[in-house]
Every structure is written in C-alpha cells, then in structure tokens.
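One letter stands for each residue in the lines below.
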Amino acid sequence: DPGADASLCGMAATGASGTNAVRYGTMRPNVLNLRVVLPDGRLLHTAGPGRQPRKRAAGYDLTSLFVGSEGTLGFLTQATLRLHPLPEATAVTIASFPSVGAAVACTVQVLQAAVPVARIEFLDEVMTDACSRFSGMGLPAAATLLLELHGSRRSLAEQQQQMEDIVQQNGGSSLAWAEGLEEREQLWSMRHNAWYAALALRPGCQVRHKDGDDGGSACGALSATTLPSLAQGYSTDVCVPISRLPDVVVETKQDLQASVLTGPMVGHVGDGNFHCILVFNSQDPEEAQRVHAFTQRLGRRALAAGGTCTGEHGVGLGKRALLQEELGEEGLDTLRSIKAALDPHNLMNPGKVL
C-alpha cells in the first residue's frame, strides 16, 4: 500500500514501505529480483535472469544491496515482487486516546499480544485535527490510531475483541468497526491525504522537494507542485525499536512544542516508523534554522534509542552526517568501497548518501 504517486522501483530504490508493512513487510523482503542498468551500461538481474525463488543462499544478496541504494548504484528498471493473498475478511477502526504516549503504548501492547494486525497508523492530535477538517470526517482532535485486521470471518471476531480490550486498557475510546469496502476506503483516504492536510494548516503552502533532509519520499510526500506562498512543507522520518517507541514519540512531541514548530506527527508505528511533517516560512531564516536543528535532534534521538535516522525516506544529502554516526567509519568505508567498485566514475546520483 504505497499510496500517492509512488512507483514500484522508486519504492525499492528507497527501501520504502506503506501502511501494511507491520504484517506484510517493507519493500526489502518483498523484492525477489531486480533488473538494474549498471553505471557502465551492463544489465544486471540481481537474482539471475527470470529467477524468483522465495529464498536463496547463492552468493551475495545483490537484490538487498540495490533495495535502498537511492539510485547511487544503478537504475532499477524492473522488479519481481512477492505476492500476498487477499484476506477473506477485513475490519478497520479508529481509536482516540488521551495522549500520544497512551496511543503508542497501546500499539506496543497490541504487538506484544501477537494480535495479527495488518495496519497500525498513528496520528497526533494536530495531525488528526488537520486530517479530519481536510477530509470532513468530524473526528475529535486527539491522539489517534487507525487499526486494520485481516483474517477469516471466524478469527476476525476474536481479534476484534482482543483489540478492544487493549485499547480500553490504555484509555482509548470505544471502537466501531467498519467492514464494508466503501467505509474502509474512506478512513484510509483520510490517512493518505495527511500530507495535504498538514499543508492546509498554513494555506497556500509551497510544496517542493527539500533536498536538505530526505533523499525522497516513496509515499509521494515531497511533490514538485508549487503554489505561490512563503510556507513550505518538509517531511522527515525515523524508525526505532518498538520497545523504545513510546519514549521517543513523547520526547519528540515535547521537542516540537518547545521549538514552537508546526509539525504534525504521523507514522507506521506498527514497525516503529514515524514522520514529522514540518510546515514553516521558507523566507524566515530563524524558523528554517529551528526546523533544521529539530530534524537533527530527531535523528540523533532515534540513534540513541538503538534505531535508525531514516526508516523509509532515505539519506539523501541532509542525513549524511547521521548515517556516519549510525554506521561508524568502518560501515561508511564499506559503503564507499561498494560504490567505487560499481560506479568508479561517480555517475549515479553523485553526492547523495555518501
């Protein structure tokens, strides 16, 4: 479920995911083979021409090498993907919580209880209010979880009861389940419009790729559309171990408030990944500096929690220093050696990542 205008090979190039990642995984485990044009013009099939085994132990894992390479090693021109069957039954619900900490703590308990949830999406109260007004849903301005269950009709009833118990234990609202396709699509349409809802917090916002932070968003968050305005949208993400997620989300929320920034939070918290969409005045150097400082603190907060500076947006230009802190000199030297071996003339996306 990539959303927006994402392409399959673009998703693979950034190692991205979507709202279903908690159950079905990110792009990395779902790519079986890639056709890549190498910098010298040769055509590489990373698992061998026409091959699509579910697992393999033959040599280096070239497919995983190119997934997440951000265009620095070659052009991805074709992807062979793992397919998953559609579930017999699906149910979606929205739960409101008294705080962001309670909402994320609920997520952790759902995962620890091994409820086979397909999607758990988190919106803080600012994002919920923005999405509600943008989509006309009439939701309370509170920290919110969107939850979706997949399974047989018999198993779904048991999962729903488990979910309701855990939500109530964390102070969440009582749940009403949507099982019809139209109702479900309406709820997820609200979530997929989060980027545009965030921009609407400062009307007439200018939307452009902000190369100073992320290498590009596979979920289409950084578009090339430009409107006449001084405000600009800037999206960044981190990913942390599930056990540390509540602390990191609460600390990030406090940091946003202390920094006096408009930065609604949204994320695929089922796999520890969340995003901050920062909307600021691009002509105000002081506000722009606060945005930059916040994103660097966010990245380092994730690293200190044992996580990564980016779960799916990529390194690009702005997170190169954070990548070095994450991998260390040995890791970075290894990446540079691979880059030099495959692209000795530095033709592919030069200056990015490394």
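An unreviewed UniProt entry lists the chain under the name D-lactate dehydrogenase (cytochrome), from Leptocoma aspasia. Recorded in UniProt under Cofactor (unreviewed entry), the annotation for the chain is "FAD". Taken directly from UniProt, the Sequence similarities (unreviewed entry) text for the chain runs: "Belongs to the FAD-binding oxidoreductase/transferase type 4 family."

(A) Geometry of the packing of helix α5 (residues 100-112) against helix α10 (residues 245-258). Running from N to C, α5 and α10 point in directions that differ by 160°, and their axes come no closer than 9 Å. By the criterion of interaxial angle, the relationship of α5 to α10 is roughly antiparallel. Here the hand of the crossing between α5 and α10 comes out right-handed. On α10, the residues touching V100, G101, V104, A105 and V108 of α5 are L245, P246, V249, V250 and K253. Of the residues contributing to the contact of α5 with α10, the split by class is 8 nonpolar, 1 polar and 1 charged.

(B) Region of the structure containing the pairing of strand β1 (residues 31-37). In terms of residue burial, β1 counts as a mostly covered element, since 5 of its 7 residues are buried. Sheet analysis places β1 next to strand β3 (residues 75-81), joined by 6 bridges and oriented antiparallel. Counted as the bridge partner of V36 is L76 from β3. Of the strand pairs in this sheet, β1 and strand β2 (residues 43-45) are connected by 3 bridges, and their pairing is antiparallel. Note that in β2 the partner of V37 across the bridge is L43. Hairpin remark: β1 followed by β2, antiparallel, with 5 residues in the connecting loop; positive phi at G41, about 95°.

(C) Looking closely at the environment of E286. By the secondary structure assignment, E286 is in helix α11 (residues 285-304). Of the residues examined, E286 reaches a relative accessible area of 45% and is grouped as partly exposed. Between the C-alpha atoms of E286 and T77, which are 209 residues apart in sequence, the distance is 42 Å. A distance of 2.8 Å separates the side chain of E286 from the side chain of R290, its partner in a polar contact.

(D) Representation of the pattern of salt bridges. As enumerated under the stated definition, the model contains 15 salt bridges in all. Note that R133 is salt-bridged to D129, the shortest N-O span being 3.2 Å. On the criterion of helical spacing, the pair formed by R133 and D129 is a turn pair, its members being 4 residues apart in helix α6 (residues 125-135). On the accessibility criterion, R133 (55% relative accessible area) is exposed. The partner of D343 in a salt bridge is K339, with the nearest N and O atoms 2.7 Å apart.

(E) Here's a closer look at a negative patch on the surface. Together, E179, E182, E183 and E185 make up a negatively charged patch on the protein surface. Residue placement: E182 occurs in helix α8 (residues 181-192).

(F) Representation of the sheet that holds β1. An order of β2-β1-β3 is seen for the 3 strands of this open sheet, with the pairing classed as antiparallel. Looking at the sheet topology across the chains shown, the edges are occupied by β2 and β3. Averaged over all neighbouring strand pairs, the angle between strand axes comes to 15°, with direction disregarded.

(G) Broad picture of the packing of α5 against helix α7 (residues 153-169). Where α5 meets α7, the axes come as close as 9 Å, and the angle between the chain directions of the two elements is 145°. Once α5 is placed against α7, the crossing between them reads as right-handed. The residues of α7 that touch α5, namely those facing C106, Q109 and V110, are M163, I166, V167 and Q169. Counted by class, the contact of α5 with α7 contains 5 nonpolar, 2 polar and no charged residues.

(H) Focus on the domain arrangement of the chain. Once the domains are mapped, the chain shows domain 1 (8-84), domain 2 (89-201) and domain 3 (231-327). Centre-to-centre, using C-alpha coordinates, domain 1 lies 31 Å away from domain 2. With 5 residues of domain 1 at the contact, the number on the domain 2 side is 11 residues. When domain 1 packs against domain 2, close to 650 Å² is buried across both sides, 51% of that on carbon and sulfur atoms. Broken down residue by residue, the surface that domain 1 buries against domain 2 is led by T19, V22 and R23, which jointly contribute 78%. Linking domain 1 to domain 2 there are 0 salt bridges. When its residues are assigned to classes, the side of domain 1 that touches domain 2 shows 2 nonpolar, 2 polar and 1 charged.

Basis of the calculations
All chains use their own residue numbering, which begins from 1 and follows the written sequence. Since the coordinates come from a predicted model, pLDDT governs what is reported: local features require at least 70, and pairs of side-chain atoms require 80 or more to be given and counted, while whole-chain, interface and lining totals use all residues. By convention in this description, side-chain values take in all heavy atoms of the structure and omit both hydrogens and water. UniProt positions are given in the numbering used here, feature names are shortened, and annotations may be inferred rather than shown by experiment. Between the N-to-C directions of two axes lies an angle of 0 to 180 degrees, each axis being a line fitted to C-alpha atoms and, for a helix, fitted only over the stretch in contact. Note on conventions: DSSP H or I runs of at least 4 residues are helices, E runs of at least 2 residues are strands, and numbering of each starts at the N terminus. Comment on the angle field: the value is read as roughly parallel under 35 degrees, roughly antiparallel over 145, roughly perpendicular from 65 to 115, and oblique elsewhere. Each crossing gets its handedness from the near helix: less than a right angle anticlockwise from the far helix is left-handed, clockwise is right-handed. Residues are treated as being in contact if the distance between any of their heavy atoms lies within 4.5 Å. Polarity classes work like this: nonpolar for Ala, Val, Leu, Ile, Met, Phe, Trp, Tyr, Cys and Pro, charged for Asp, Glu, Lys and Arg, and polar for all others, with Gly in that last group. When accessible area is computed with a 1.4 Å probe and restricted to protein chains, residues below 20% of their type maximum are described as buried, those above 50% as exposed, and intermediate ones as partly exposed. Strands are treated as partners if at least two bridges between them are detected by DSSP. The term polar contact refers here to a pair of N or O atoms within 3.5 Å; inside protein, the definition further demands a hydrogen-donor-capable atom paired with an acceptor-capable atom, and it admits residues adjacent in sequence only when both atoms are side-chain atoms. Whenever a carboxyl oxygen of Asp or Glu lies within 4 Å of a side-chain nitrogen of Lys or Arg, that contact is scored as a salt bridge. For patches, a residue must show more than 30% relative accessible area and have no salt bridge; joins then use 9 Å for like charges and 5 Å for nonpolar side chains, namely Val, Leu, Ile, Met, Phe, Trp and Tyr. All accessible areas in this document rest on Shrake-Rupley with a 1.4 Å probe, and a residue is counted as covered only by the protein chains that are shown. Asp and Glu are treated as the negative residues and Lys and Arg as the positive ones, with His and the ends of the chain left uncounted. Taken as the charge location is NZ of Lys, CZ of Arg, CG of Asp or CD of Glu. Boundaries of every domain are those given by an automatic assignment or by a domain database. Take the accessible area each of two parts loses on contact, using a 1.4 Å probe, and add the two losses: that sum is the buried area.

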